[in-house]
Amino acid sequence: NALRQAEIKRTKTVCTYCGVGCSFEMWTRDRHILKVQPVAEAPANGISTCVKGKFGWDFVNSPERLTTPLIRENGRFRPASWDEALETVARRLREIAQRHGGDAIGFIGSSKASNEEAYLTQKIARLIFGTNNVDNSSRYCQNPATQGLFRTVGYGGDAGTIKDMQQADLIITIGSNLAENHPVIASHIKQSHKHRSQKLLVVDPRRHEMADRADLFLQIKPGTDLVWASAMSRYMFDHGYADEEFLNQRVNQVAEYYASLMPFTLEYASEITGLSVETLVSAAEMIGQAKSVCLLWAMGITQHSHGADTSTALSNLLLVTGNYGRPGTGGYPMRGHNNVQGASDFGCLSNVYPGYEKVTDPAVREKWAEAWGVDPAALSDKAGADNFKMVQQADKGALKAMYIIGEETAFSDADSTNVHEAFSKLEFMVVQDIFMSRTAEFADVVLPGCPSVEKEGTFVNTERRIQRFYEVMKPLGESLPDWKILTMLASKLGHPWYYQHPGQIMQEAANIAGIFAGVSYERLSGWQSQLWPVSADGKSTPLLYTDKFQFPDGKARLYPLEWHPPMEESDSEYDLLLDNGRMLEHFQSTNQTGKGGRITSLSPNWYVEVGPQLAAERQLQEGDWVRLTSRRGSLDVPVLITDRVAGNVLFIPIHHGKPGVNGLTGEHHDPDVNTPAYKEIAVTMTKLERT
Ligand code: SF4
């Protein structure tokens, strides 16, 4: 037995699924993952994990893993050496840049890859090709939330930590199915709700688990949350709950903001949201009387045509009630992917360098140019194309090449038929991934990356917490860590980079980007973590805004808003609304959770949720198949009858199907940040005959 124990390797790693950032020991013998062992030292999760972190690792040894580079020849992929594949990529990208300029190429970094890999992705785009055409999947999810925080408080990250959430007098979740999407945070909140008499207010069109546990649940009409939040803010001012001292000392634009709230009476809010005036008053009293409030939101807010405005309205409400800068307060957009926060923090965004330093600021450009050893004129001075614009430009023939790392754009982007057409028009496409994804099927060259357990690096979780993960096992076949692939490619492009270890990449980022000044692999070793902004002496900032907001005068800004209805609503032709989201057991396109084994078998089926009344009206029984048709396309799916949805609202998980739900989503998007309005789909539902 002692001999067997000796063969077992225990390695600290960080979960590769959601933004909670659970860390744990992985016990392995060679490539066999024996178990996942949570430990008390884990800073975000302690001894908790969810089912994905515990059992969602079979994909690592899937026979479907890519193990060699592939080059398309005569319409088919053939294996190639790394040298030939990278030579081909470098030659084709160089040719395209010479003919059309660097802005003819777009880069999408991965929200599953490490911070160091995100850093190198944007460095290749900016330094080698002189373009800011670089983005990541935060465009699909939390970019509107970041915009709301930039407008009001200044930093694009959660105000505090999970511990802060547990200390709050009142937790509000809005547009967030926390128990399925961020299960470990949900379990912490369930505990504080039960044992510390913390109050829970849930606002959502769908009655999910946290709604059932709430002290008050508001089943709001989809797309009307801005009206709710603004009516709450007005109530706070009008009923003596506004924190006058906080507003006087720490907040700008109070009078302008209050004037903008005039339309948002309770009666108006009731008419728009479908909630009674009495229910609205109950919610407002709960918020007004709470000593400290944490407000959590997610895709139910951001994936709308005005998600940035609604995120702003939520942050406004927190400012009005003085709920920033104290333990147990603040705004918390719940980050979806394990490193969607880090991919943005480390510069995979079209308008900022790592650390959110603006590409349009000459002083910033000069600093980065000097650090990278180039003339500032070599770095583009205009914001680049984001994910949405890249697809549009590809469709019009302006974008000639794309380099996509670890993102399933062909499945996850809205209006997928249009995305596929745009990809087909590209002259050249590179996909770097661990599987032959649906996106890789459009590529000319496919490069095999490897998952987090086969490399070292760091991730940033939803708390802004930077954590190291270590190599659990060697890369499979000829696959390589993404940072190595990008370093080798840079060399082929005439930029021999010196990196031998990701720690050197982090050191470079920390030397340049102010918010990472004191971040180092040494300070992150083992179970240690750092929360940005990190001062040069290594001091973290777990709680933001304790003495100043991130604006030149240190004051927050209340931001006046108007409400605009969703761009697509149900009507006489398309009479139902299709809400959509994740399931606990799966993640996004199921490229990881769908590769067989324990996690796949826990929830293998797809369905559409239909409320009991609607099911009765349409004479539907559980298991009947229906066809859902939007203005873009249709899909067939079995029915699940449940009171989680009500009225004319349906719900479908986003993970499965051919086409998936994005065969139905459309071109509507938030004009402020270009995030697709995934949650605004009007559909019809037709019962299919049993065969
Ligand atoms: Fe992984 Fe999120 Fe589950 Fe934690 S809560 S184990 S980070 S999926």
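Being a predicted model, the structure only gives us computed values, none of them experimental.

> Could you clarify how one ought to interpret the overall build of the protein in this entry?
Within the protein, the regular secondary structure consists of 25 helices and 28 strands. In terms of C-alpha radius of gyration, the protein reaches 24 Å, essentially the compact-globule figure of 26 Å for 691 residues. Seen along its three principal axes, the alpha-carbon backbone of the protein occupies a region of about 70 × 65 × 65 Å. A burial count over the protein gives 57% of its 691 residues as buried. Considering only intrachain contacts with a sequence separation of at least 6, the fraction spanning at least 24 residues in the protein is 72%.

> Explain the domain arrangement of the protein to me, please; I cannot follow it from the model alone.
By a widespread convention, an interface's size corresponds to the accessible area lost as its parts come together. For the protein, the assigned domains read domain 1 (2–61), domain 2 (93–138 + 339–429 + 459–531), domain 3 (143–333) and domain 4 (576–687). For domain 1 and domain 3, the distance between their C-alpha centres works out to 34 Å. Contacts between domain 1 and domain 3 engage 9 residues on the former and 7 residues on the latter. In terms of residue class, the side of domain 1 that touches domain 3 is built from 5 nonpolar, 4 polar and no charged.

> I keep staring at the nonpolar core and nothing clicks. Help me out?
If you look at soluble globular proteins, the nonpolar side chains tend to sit buried side by side. Core analysis: the largest hydrophobic core is formed by 180 residues, its most contacted members being Ile124, Met232, Leu295, Met402 and Met429. Per-element accounting of this core gives the leading share, 8 residues, to helix H10 (residues 225–238). Once you skip the residues sitting within four places of it in the chain, leucine 295 turns out to touch Ile172, Ile174, Leu314, Leu318, Gly331 and Tyr332.

> Help me understand the sheet that holds strand E1 (residues 9–14) in this model?
Working definition: the strands of a sheet are paired by backbone hydrogen bonds and lie parallel or antiparallel to each other. With respect to topology, 3 strands assemble into an open sheet ordered E1-E2-E3, the strand pairing being antiparallel. Here the strands that pair on one side only, and so sit at the sheet edges, are E1 and strand E3 (32–37). Here the average twist between neighbouring strands, direction ignored, is 30 degrees. The pairing of E1 with strand E2 (residues 23–29) spans 6 bridges and is antiparallel. Bridge pairing links threonine 11 to methionine 26 in E2.

> How should the site of the ligand be read in this particular structure?
The local shell around the ligand holds 13 residues, among which Cys15, Cys18, Cys22, Cys50 and Gly53 are the closest. Elements that contribute at least two residues to the shell around the ligand include exactly helix H2 (51–55) and helix H8 (183–195). Taken together, the residues of the shell around the ligand sort by class into 8 nonpolar, 4 polar and 1 charged.

> For this particular structure, what's the right way to read unusual backbone geometry?
For residues that are not glycine, phi is negative in most cases, and the peptide bond is trans in most cases. For the peptide bond that leads from tryptophan 532 to proline 533, omega is -5 degrees, which places it in the cis range. Tracing the backbone shows proline 533 in the loop between strand E21 (529–531) and strand E22 (556–557). Positioned with a positive phi, aspartate 415 is a non-glycine residue whose angle comes to about 55 degrees. Tracing the sequence through the fold places aspartate 415 in the loop between helix H20 (409–412) and helix H21 (416–425). Judged by local crowding, aspartate 415 falls into the buried class, with 22 C-beta atoms found within 10 Å. A positive phi is found at asparagine 674, a non-glycine position, where the angle reads about 65 degrees. Tracing the chain through its elements places asparagine 674 in the loop between strand E27 (649–653) and strand E28 (682–687).

> For this particular structure, what's the right way to read H10?
Count 3.6 residues to each turn of an α-helix, and residues three or four apart come out pointing the same way. Over its 14 residues, H10 extends 20 Å from the first C-alpha to the last, a length consistent with the 20 Å expected when each residue adds 1.5 Å. Along H10, 12 of the 14 residues are buried, which leaves the element largely enclosed by surrounding structure. Three or more residues of H10 are buried, namely Asp225, Leu226, Val227, Trp228, Ala229, Ser230, Ala231, Met232, Ser233, Arg234, Tyr235 and Met236. Glycine 240 lies just past H10 and shows a positive phi near 75 degrees.

> Just to check I follow, could you spell out the environment of alanine 85 for this structure?
By the element assignment, alanine 85 lies in helix H3 (residues 82–100). Classification of alanine 85 by C-beta neighbours within 10 Å gives buried; the count is 24. Along the sequence, alanine 85 and threonine 68 sit 17 residues apart, while their C-alpha atoms lie 9.8 Å from each other. Ignoring anything within four residues of it in the chain, the contact list for alanine 85 reads Pro69, Ile71, Ala80, Val445 and Leu447.

> Is there a simple way to think about the sheet that holds strand E7 (residues 134–135) in this case?
The strand order E5-E4-E18-E17-E16-E6-E7 describes an open sheet built from 7 strands, whose pairing is mixed. Only two strands of the sheet have a single neighbouring strand rather than two, namely strand E5 (76–79) and E7. Relative to E5, strand E4 (residues 70–73) runs antiparallel, the two being bridged by 4 bridges. Paired with leucine 70 across the strands is proline 79, a residue of E5. Sheet contacts for H3: E4, strand E6 (105–108), strand E16 (401–405), strand E17 (428–433) and strand E18 (445–448); angle to E18, the most-contacted strand, approximately 130 degrees.

> Before we go on, may I ask you to explain the pairing of E16 in this structure?
Looking along a regular strand, one sees side chains alternate from face to face of the sheet. Among the 5 residues in E16, 5 count as buried, and that is most of the element. Here E16 shows a buried face lined by Ala401, Tyr403 and Ile405 and a second buried face lined by Met402 and Ile404. When E6 meets E16, the two strands line up parallel, connected through 4 bridges. The residue bridging isoleucine 108 from the neighbouring strand is isoleucine 404, located in E16. With 5 bridges connecting them, E16 and E17 associate as parallel partners. By the bridge assignment, tyrosine 403 is partnered in E17 with valine 430.

> Sorry, what's going on with the confidence of the model for the protein here?
Detail in the predicted coordinates should be disregarded across regions flagged by low pLDDT. Looking at the protein as a whole, its pLDDT mean stands at 94, while 98% of the residues score no less than 70. The ipTM, which scores confidence in the relative placement of chains, is 0.99 for this predicted complex, and the corresponding pTM is 0.95.

> Would you mind going over the packing of H10 against helix H14 (residues 277–289) with me for this structure?
Following both chains from N to C, one finds H10 and H14 inclined at 60 degrees, their axes separated by 10 Å at the closest point. In terms of their interaxial angle, H10 and H14 are classed as oblique. You can see that H10 and H14 cross each other, and the crossing is right-handed. Along its contact with H10, which presents Ala231, Met232, Tyr235 and Met236, the element H14 presents Leu280, Ala283, Ala284, Ile287 and Gly288.

> Hey, could you run me through the environment of valine 251 in this one?
Position of valine 251 among the secondary structure elements: in strand E11 (residues 251–252). Each C-alpha atom of the pair valine 251 and threonine 265 lies 23 Å from the other, and the pair is 14 residues apart in sequence. In contact with valine 251, other than residues within four places in its own chain, are Phe246, Leu319, Lys555, Ala556 and Leu558.

> Whenever I open this one, helix H16 (residues 307–320) confuses me. Can you help?
Its 14 residues give H16 an end-to-end C-alpha distance of 20 Å, which sits within 8% of 20 Å, the value for a rise of 1.5 Å per residue. Within H16, 14 of the 14 residues are buried, which leaves the element mostly enclosed by the surrounding structure. Glycine 322 sits one or two positions beyond H16 and adopts a positive phi of about 70 degrees.

> Explain the environment of alanine 255 here, please?
The topology assignment puts alanine 255 in helix H12 (residues 254–260). Alanine 255 sits 196 residues away from phenylalanine 59 along the chain, and the two C-alpha atoms are 55 Å apart.

What counts as what
Residues numbered from 1 in each chain as written. Predicted model: local features only at pLDDT ≥ 70, side-chain atom pairs only at ≥ 80, totals over all residues. Helix = DSSP H or I, 4+ residues; strand = E, 2+ residues; numbered from the N terminus. Rg over C-alpha atoms; globule rule 2.2 N^0.38 Å. Buried ≥ 20, exposed ≤ 12 C-beta atoms within 10 Å, placed from the backbone. Contact = placed C-beta atoms within 7 Å. Domains from an automatic or database assignment. Nonpolar A, V, L, I, M, F, W, Y, C, P; charged D, E, K, R; others polar. Core = buried A, V, L, I, M, F, W, Y, C linked by C-beta atoms within 7 Å. Pairing = 2+ DSSP bridges. Axes fitted to C-alpha atoms, helices over the stretch in contact; angles between N-to-C directions. Near = placed C-beta within 6 Å. Expected span 1.5 Å × (residues − 1). pLDDT = per-residue confidence, 0-100. Parallel < 35°, antiparallel > 145°, perpendicular 65-115°, else oblique. Left-handed = near helix turned anticlockwise from the far one by under 90°.

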